[in-house]
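# Residue-level structural notes
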Amino acid sequence: MSGPVPLSPTSSPQAGRPIVRTALVGTAVFTTLAVGAAAAPDALALPAAVVDLALFALGLAAFAGALVVAAGRSRREELSVAGVFLLTGSAPGAVRRLLLGALAVQTAVALATAGVRPFTPLAFGVLVPTFGLGACGLWAARHGSFPSKGSSSQVG
């Protein structure tokens, strides 16, 4: 199929708002603590590491949930890895910008703060982008728009 896939009614910018909100709040908390811990490691390194590990665990759970939901949808729709985890052609522009923006911020902050204070608890920050990737996957698996599989693709 060529060209963009038309968005289904469930693929509105309002769909999955809790997932988007959670990704943005998690990114803000991570960024605040990571930058604070880079400036004042004695006071904030441990709380930052705890938040990093919690976001990593949430990301793993979201990633696993996305795989389970996507597997169920793949029986009747043509899903792609790029469509699920990078929201390519499956999400409205506003949702894609917010979720991929959160992932980009998580990645930049993680690399910058771990680079400023290597061999400290700030290194756990490099695990946080799993949270952003999991949020993208979960949003697409639940609310993304994918083309239906045609009857001609079935094997007799």
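Residue numbers here run from 1 along each chain, matching the order of that chain's written sequence. In view of the model being predicted, local features appear only for residues whose pLDDT reaches at least 70, and side-chain atom pairs are presented and counted only at 80 or more, with totals across whole chains, interfaces and linings using the full set of residues. Side-chain figures throughout are based on the complete set of non-hydrogen atoms in the structure, without hydrogens or water.

### A closer look at the overall build of the protein chain
Note on conventions: DSSP H or I runs of at least 4 residues are helices, E runs of at least 2 residues are strands, and numbering of each starts at the N terminus. Check the secondary structure of the protein chain and you find 5 helices and 0 strands. The buried label goes to any residue with under 20% of its type's maximum accessible area, the exposed label to any with over 50%, and the partly exposed label to all in between, with areas taken from a 1.4 Å probe on protein chains only. Put simply, the protein chain has 156 residues, and 39% of those count as buried. In these tables, accessible area is a Shrake-Rupley quantity obtained with a 1.4 Å probe, and a residue counts as shielded only by the protein chains included in the view. Just so you have it, the protein chain exposes about 8,200 Å², and 70% of that area is on carbon and sulfur atoms.

### Describing unusual backbone geometry
Of note, L87 is a non-glycine position whose phi angle comes to about 60°, a positive value. Secondary-structure assignment places L87 in the loop between helix 3 (81–85) and helix 4 (93–116). By relative accessible area, which is 0% here, L87 ends up buried.

### So, the confidence of the model for the protein chain
Think of pLDDT as the predictor's per-residue confidence, scored from 0 to 100. Chain-level statistics for the protein chain give a pLDDT mean of 90 and a share of 89% at 70 or above. Any two residues whose heavy atoms approach within 4.5 Å are treated as being in contact. Note that residues 1–9 has pLDDT below 50 and, in this model, 11 contacts with residues that lie over four places away or in other chains. Contacts of residues 151–156 to residues separated by more than four positions or lying in other chains number 0 contacts, the stretch itself having pLDDT below 50.

### Description of the pattern of salt bridges
Pairing between side chains of opposite charge can happen when the charged atoms of each approach one another. Every case where a carboxyl oxygen of Asp or Glu lies within 4 Å of a side-chain nitrogen of Lys or Arg is listed as a salt bridge. Scanning the model with the defined rule gives 1 salt bridge in all. R73 serves as the salt-bridge partner of E77, at 2.7 Å between the closest nitrogen and oxygen. With a relative accessible area of 12%, E77 lands in the buried category. The class for R73 is buried, based on a relative accessible area of 10%.

### Some remarks on the nonpolar core
For our purposes a nonpolar core is just a set of buried Ala, Val, Leu, Ile, Met, Phe, Trp, Tyr and Cys residues, chained together by side-chain atoms within 4.5 Å. Residues L87, V95, L99, W139 and A140 are the most contacted members of the largest nonpolar core, which totals 20 residues. Among the elements of the structure, helix 1 (17–39), helix 2 (41–73), helix 3, helix 4 and helix 5 (129–143) are those that each provide at least two residues to this core. Residue contributions to this core peak at 6 residues, all from helix 5. Core analysis: the second largest hydrophobic core is formed by 13 residues, A48, V51, L55 and V109 among them.

### Description of the environment of R96
Locating R96 in the fold gives a position in helix 4. Distance from R96 to P13, taken between C-alpha atoms, is 9.2 Å for residues 83 residues apart in sequence. Ignoring anything within four residues of it in the chain, the contact list for R96 reads L86, L87, T88, A91 and G101.

### What about the packing of aromatic side chains?
Two aromatic rings from Phe, Tyr or Trp, using only the six-membered ring of Trp, form a pair when their centres are within 6.5 Å; if the ring planes differ by under 30 degrees the pair is stacked, by over 60 it is edge-to-face, and anything between is tilted. Taken as a whole, this structure holds 1 aromatic pair when the rule is applied. For the pair F63 and F85, a centre-to-centre distance of 4.7 Å together with 20° between the ring planes defines the contact as stacked. Placement of F63 in helix 2 and of F85 in helix 3 is noted, with a sequence separation of 22 residues between them. Judged by relative accessible area, which is 27%, F63 ranks as partly exposed. Accessibility expressed as a relative area gives 11% for F85, which makes it buried.

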